[in-house]
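One letter stands for each residue in the lines below.
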Amino acid sequence: MTKVLFYPVYLLLILSSVESCSVPDSLYVLSPQTIPAGYHLTKVEAVGCDPETLHLTVEDPSFTVQSNGVVVALSPVSVATSGRTFSVRAQDGSGPASEMEVHLVCGTKRETNEKGQAILKRTKRRWSPPPINILENDVGIFPKVVERIVSNSELKYDVYYTIEGPGVNQYPFNIFSLDKETGDLKVHQPLDREQFPKFILIINALDKITNQPKDLPLDLTVSVDDKNDNKPEFSGPLIFSVLEQTTNLVVGKVEATDKDDPETDHVKIKYTLKDGLEYFAINPDTGVITTVSNKLDRETKDTHMVTIEIRDLKGAPNGLFNTATATINLVDINDNPPTFSQTSFKATIPENKGETLILRIPVDDKDLKNTDNWISKFVITKGNETGNFRIETDPKTNEGLLYVTKPLDYEKNSKVNLEISAQNKAKLNGTTAGWLSVPVEVDVTDIDEGPEFLPASVTYTVKENLPNGTVIGTYKAVDPESRNSNGITYRKQTDPGSWVAVDQTTGELTVTNTIDRESPLVKDGMYIITVRAMDTSFKTGTGTVTLVILDENDNMPSIPARLMMCEESDKLSSKYIFPQDNDSSPYSAPFSFAISEEYVDTWSIRPVNGTTGLLEQKKKLPTGIYDVSFFVRDQQGNGKMQTTEVRICQCVNEKCIAKDRSVSLGPMGILALLLPLFLLLLLGLLLFFICTTKREKIPLDDTGYSTGILLPSNTEAPGDEVNAKHMFNPDYGFEQGVKGSIKGSTMNMGFLGQKSTSTMGGHSVHDNGFQQSSAFNTLNMQNRSSSQFEQYSLHNGSRVFGNAAEYGSGLYAGDLASYQTWRTHGLCLNENLNNLQRSEEDPRDGDDILHRYGDEGFGSPAGSIGCCSNHVIDENLDFLNTIHPKFKTLAEVCTKR
């Protein structure tokens, strides 16, 4: 070991500038040969730095700098005799960074004698062979001696050597070995720099007897030198896109890598284009591909395949290389306008037909389909000044769709010439061509049209409240073919208020009802009606009449009938009044106000603005209700005195406070509450008494002839027919009429000495010579012959007799009434029979024919059953559900077999 002199080294700070953060350029630090982890080497002093933003960093990963500037070892570090150098960088937020080199100087502490004098000793030189370099992929004979390691301790001790580290006892294993006696370092296989570029081995010299280290461990670095053994490789996809017909436009960049040593020419790659040179070029150093010709046409060829070579050693012939094919797709530009398949087009449309597709216009476009360069956009450039046409694009076929939107008139124009231009959504690019146009001829065919009003809408100005019959004007229609109004009739189609009449032949408009401008039917002072015209072929046309109604001063301003005025303790109360006038200016606001003389001492009113008045008290009035009268007039002075009810009250939040009220019950109130309870108790006692009382059962004799009981009948033969002549010369003894034929219409009339008399559906008394008929039967007969059959012009103005006294005094009148009733029912019967003959398919009256039934005795509450039963006023037959079972016998007799 060589002897090394140790000198004290002091920290030297050099300030280069006071404006920026800086550290000294260099710093020498005395350190031990082996620096343990956590060892504090020195402290970096920064000058002019912002402590808040100061940032210190160390280049050597074995060390770090704490926030206070102290440099600390992160792991054990060996310092060679030649020393060790690393840099410290300082930077804050105010300016550029400053860098300092830290030099570690290896030394030991000097020993002193008893007098404190330093004792000089010879030191050994640290064994330190130079770094070893091995060429990768060496094919030499293995194992191969690379270097001999010799420690200076061999001069004094008998030592042996050990080796450890990656390549020995760590992955990758068994690459190196060391002869323990001679110190020969051997390599046992070829090395691959791309896999293991460097090995750091640790060698120790140990005493053969004590096995103790006789020298410090040696860190031996074995570097693997690169050999150009890797071809460059393409990285990334080789697919590019570029616009067609462009020059000097970047297509894309070819990316390549080489695994060899980046510090050598083994990775210097040169790019070469092998084909496609007429359209493309490539930068040899960067690999950027560009276009060199504007003849790239996507419509001719949309994809180009080019071969690219990459060669290392800067393209030297002996360099390694690779090739690949790049795909260059041409991006479409709109360099082809759409073209028409024909030089002209024709279409036909009937007049008065709108919203109709009349023509499809096909086009061809060479650009890329379904892009803005291909999608067509059609424009009508000429002939559509009236807006009768529109054109759209079919999204599926890219054709132009020509529509008629507003109906065409043959009489005005039988042929329309259009010019249509075919364009694209995108603008033309890379071409000198322009958009193309094509002529379109539209023929309008004539059809027989209805009349039309000229003009289609007319306006008349009228005053409101015109007298009925006032002529407003004449609104006429003409035939489009003949251009005259012959044979055209008019009628109103809509007239919400029925204010106007239209003359059927002339179309003259006249007032029929009061025209009121303030009506809700009038919108913005206009009232609209529609008139329909019809020609001799029943074709129609419609016109609109707008009445602009002028206002008149026919409404006076009005005020609310009731006002609420809040009482104010510190001043007189007042209330704003907002009159309402349905008229418009100048027949409404501004309003004028004047108090009635009757209330001039207690009230006053004055205008606040043109639409508001203020009603004020002149003196304090107690709470209560007051009537106040005053005049309100409009701008023209139209108005009258009006009275309003003013309630003065105490208020909370502008609302009157209702006075508290209490309700108490007096003696009568209590009695009124208890009386229902008493009645309820009394009703309970009554029910209890009824339920506990036993009654004797009374048998019901159903063999008599009382009303409501089915009558026994043994006569099943048909009844007697009625002779109509008896109705003209009535006798004082009447036979029974036709029984069961006309419900509620016939009446068996009896007289003195006749055994049996009967009325229909009422009460009868027998064996006494007199007949009593209830008012029910009389009314039924009177109504049947009067109100229900007025169509037969038979009106009975007299009453039918109801007892013997009336019969004796007015017998002939009663007979005449019976005859009229009979005639009425006969006519009704004939009408129903005729109806049956006319409509055989109508099943409603199919069974409503005359039947013969046996004599069933006296009258029944149900009356007779017959064809006229549908004319009875009361048709409620619910009683059939509760009648005696003996009625089944009659039902069987009456059933048609």
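Predicted model only: the values in this text are computed from it and were never measured. (Residues numbered from 1 in each chain as written. Predicted model: local features only at pLDDT ≥ 70, side-chain atom pairs only at ≥ 80, totals over all residues. Heavy atoms only, no water.)

## Here's the deal with the overall build of the chain
Line of reasoning, step 1. Helix and strand counts for the chain stand at 6 helices and 54 strands.
Line of reasoning, step 2. The buried share of the chain, reckoned over its 897 residues, is 34%.
Line of reasoning, step 3. A separation of at least 24 residues holds for 64% of the contacts in the chain among residues at least 6 apart in sequence.
Line of reasoning, step 4. A total of about 53800 Å² of accessible surface is found on the chain, and carbon and sulfur atoms cover 53% of it. (Helix = DSSP H or I, 4+ residues; strand = E, 2+ residues; numbered from the N terminus. Buried < 20%, exposed > 50% of the residue type's maximum accessible area, 1.4 Å probe, protein only. Contact = heavy atoms within 4.5 Å. Areas by Shrake-Rupley, 256 points an atom, 1.4 Å probe, with all protein chains shown as cover.)

## Quick word on the sheet that holds strand β9 (residues 98–106)
Line of reasoning, step 1. Reading across the sheet, the 4 strands line up as β1-β9-β8-β4 and stay open at both edges, with mixed pairing between neighbours. Two strands lie at the open edges of the sheet, namely β1 (26–31) and β4 (55–58), each paired on one side alone. Across the sheet, the mean angle from the axis of one strand to that of its neighbour is 25 degrees, orientation sign disregarded.
Line of reasoning, step 2. The sheet contact formed by strand β8 (residues 84–91) and β9 spans 7 bridges and is antiparallel. Looking at the pairing, serine 87 lines up with glutamate 101 of β9. (Pairing = 2+ DSSP bridges. Axes fitted to C-alpha atoms, helices over the stretch in contact; angles between N-to-C directions.)

## As for the state of the cysteines
Should the sulfur atoms of two cysteines be covalently bonded, the bond is a disulfide.
Line of reasoning, step 1. According to the stated counting rule, one finds 3 disulfides in the structure shown.
Line of reasoning, step 2. Through a disulfide, cysteine 649 is tied to cysteine 656; the S-S separation comes to 1.7 Å. The sign of the -55 degrees torsion about the S-S bond sets the cysteine 649-cysteine 656 disulfide as left-handed.
Line of reasoning, step 3. The exposure class of cysteine 649 is buried, given its relative accessible area of 6%.
Line of reasoning, step 4. Each disulfide in the chain links cysteines that, numbered along the sequence, combine into the pattern 1-2, 3-5, 4-6. (Disulfide = S-S within 2.5 Å.)

## Details of the environment of proline 439
Line of reasoning, step 1. Relative to the helices and strands, proline 439 is located in strand β36 (residues 436–445).
Line of reasoning, step 2. Between the C-alpha atoms of proline 439 and leucine 418, which are 21 residues apart in sequence, the distance is 5.8 Å.
Line of reasoning, step 3. The residues touching proline 439, leaving out its near neighbours within four places in the chain, are Thr343, Ser344, Phe345 and Leu418.

## Quick look at the pattern of salt bridges
Line of reasoning, step 1. This model, assessed by the stated rule, comprises 23 salt bridges.
Line of reasoning, step 2. It is possible to trace a salt-bridge network through shared partners that takes in Asp158, Glu181 and Lys208. (Salt bridge = Lys/Arg side-chain N within 4 Å of Asp/Glu carboxyl O.)

## Description of helix α1 (residues 667–692)
Line of reasoning, step 1. The end-to-end C-alpha distance of α1 is 37 Å, a good match for the 38 Å that 26 residues give at a rise of 1.5 Å each.
Line of reasoning, step 2. Maximum bend of α1: about 30 degrees, positioned at leucine 674, with proline proline 676 one to four residues after it.
Line of reasoning, step 3. With 0 of 26 residues buried, α1 is to be regarded as a mostly surface element. (Expected span 1.5 Å × (residues − 1). Bend = angle between axes of the 7 residues up to and from the residue.)

## Points about the environment of proline 190
Line of reasoning, step 1. Locating proline 190 in the fold gives a position in the loop between β16 (184–187) and β17 (198–207).
Line of reasoning, step 2. Using a relative accessible area of 44% as the deciding quantity, one classes proline 190 as partly exposed.
Line of reasoning, step 3. Once residues lying within four places of it in the same chain are set aside, the contact partners of proline 190 are Asn137, Asp138 and Phe142.

## What to know about the packing of aromatic side chains
Line of reasoning, step 1. Within this structure, the stated rule accounts for 9 aromatic pairs.
Line of reasoning, step 2. Between phenylalanine 196 and phenylalanine 199, the ring centres sit 5.9 Å apart and the planes meet at 35 degrees, which makes this aromatic pair tilted.
Line of reasoning, step 3. Under the relative-accessibility criterion, phenylalanine 196 is labelled buried at 19%.
Line of reasoning, step 4. Overall, the relative accessible area of 2% leaves phenylalanine 199 in the buried class.
Line of reasoning, step 5. Taken together, the ring pairs connect Tyr171, Phe176, Phe196 and Phe199 into an aromatic cluster.
Line of reasoning, step 6. The ring of tyrosine 160 has lysine 180 lying over it, and the distance from NZ or CZ to the ring centre is 4.9 Å. (Phe/Tyr/Trp six-rings, centres within 6.5 Å; stacked < 30°, edge-to-face > 60°. Lys NZ or Arg CZ within 6 Å of the ring centre and 35° of its normal.)

## Here's the deal with the environment of cysteine 49
Line of reasoning, step 1. Looking at where cysteine 49 falls in the secondary structure, it is placed in the loop between β3 (40–43) and β4.
Line of reasoning, step 2. C-alpha separation for the pair cysteine 49 and glutamine 91, spaced 42 residues apart in sequence, amounts to 7.6 Å.
Line of reasoning, step 3. In this view, cysteine 49 contacts Cys21, Ser22, Leu54 and Asp92; residues no more than four positions away in its chain are not counted.

## Describing the side chain of aspartate 495
Line of reasoning, step 1. Its place among the elements puts aspartate 495 in the loop between β41 (489–494) and β42 (500–502).
Line of reasoning, step 2. Aspartate 495 gets classed as buried once you look at its relative accessible area, which sits at 13%.
Line of reasoning, step 3. At a separation of 2.3 Å, a polar atom in the side chain of aspartate 495 contacts the side chain of tyrosine 527.
Line of reasoning, step 4. Setting aside its immediate chain neighbours within four residues, aspartate 495 contacts Val500, Tyr527 and Ile529. (Polar contact = N/O pair within 3.5 Å; in protein donor to acceptor, adjacent residues only side chain to side chain.)

## Thoughts on the sheet that holds β36
Line of reasoning, step 1. The 4 strands are arranged β29-β36-β35-β32 in an open sheet whose pairing can be described as mixed. A single partner strand is all that each edge strand has here, and the edge strands are β29 (345–350) and β32 (376–382). Adjacent strand axes in the sheet meet at a mean angle of 30 degrees, parallel and antiparallel pairs treated alike.
Line of reasoning, step 2. Two elements, strand β35 (residues 415–424) and β36, share 8 bridges in a ladder whose sense is antiparallel. Residue pairing for β36: valine 416 is matched across the bridge by valine 442.

## Details of the confidence of the model for the chain
Line of reasoning, step 1. When pLDDT is averaged across the chain, the result is 78; 73% of the residues are at 70 or more.
Line of reasoning, step 2. Scored below 50 in pLDDT, residues 1–19 shows 34 contacts in the model against residues more than four places distant or in partner chains.
Line of reasoning, step 3. pLDDT under 50 marks residues 722–813. Its contacts with residues more than four places away, or in other chains, come to 161 contacts. (pLDDT = per-residue confidence, 0-100.)

## Section: unusual backbone geometry
Line of reasoning, step 1. Residue proline 172 is bonded to the preceding tyrosine 171 through a cis peptide linkage, with omega at 0 degrees.
Line of reasoning, step 2. In this structure, proline 172 sits in the loop between β14 (159–164) and β15 (176–178).
Line of reasoning, step 3. The amide bond that connects alanine 589 to the next residue, proline 590, takes the cis arrangement and shows omega of 5 degrees.
Line of reasoning, step 4. Of note, proline 590 is situated in the loop between β47 (574–577) and β48 (592–595).
Line of reasoning, step 5. If you check the backbone angles, asparagine 174 has positive phi at about 60 degrees while not being a glycine.
Line of reasoning, step 6. Within the fold, asparagine 174 resides in the loop between β14 and β15.
Line of reasoning, step 7. Residue classification places asparagine 174 among the exposed positions, given a relative accessible area of 56%.
Line of reasoning, step 8. Unlike most non-glycine residues, aspartate 524 shows phi in positive territory, near 55 degrees.
Line of reasoning, step 9. Structurally, aspartate 524 is set in the loop between β43 (508–511) and β44 (526–534).

## Things to note about the side chain of aspartate 479
Line of reasoning, step 1. Inspection of the secondary structure puts aspartate 479 in the loop between β40 (477–478) and β41.
Line of reasoning, step 2. One buried charged side chain, aspartate 479, makes no salt bridge at all; its nearest oppositely charged neighbour is arginine 483, positioned 7.0 Å away.
Line of reasoning, step 3. Among all residues touching aspartate 479, those that are not within four sequence positions of it are Asn484, Ile488 and Asp535. (Lys, Arg positive; Asp, Glu negative; His and termini not counted.)

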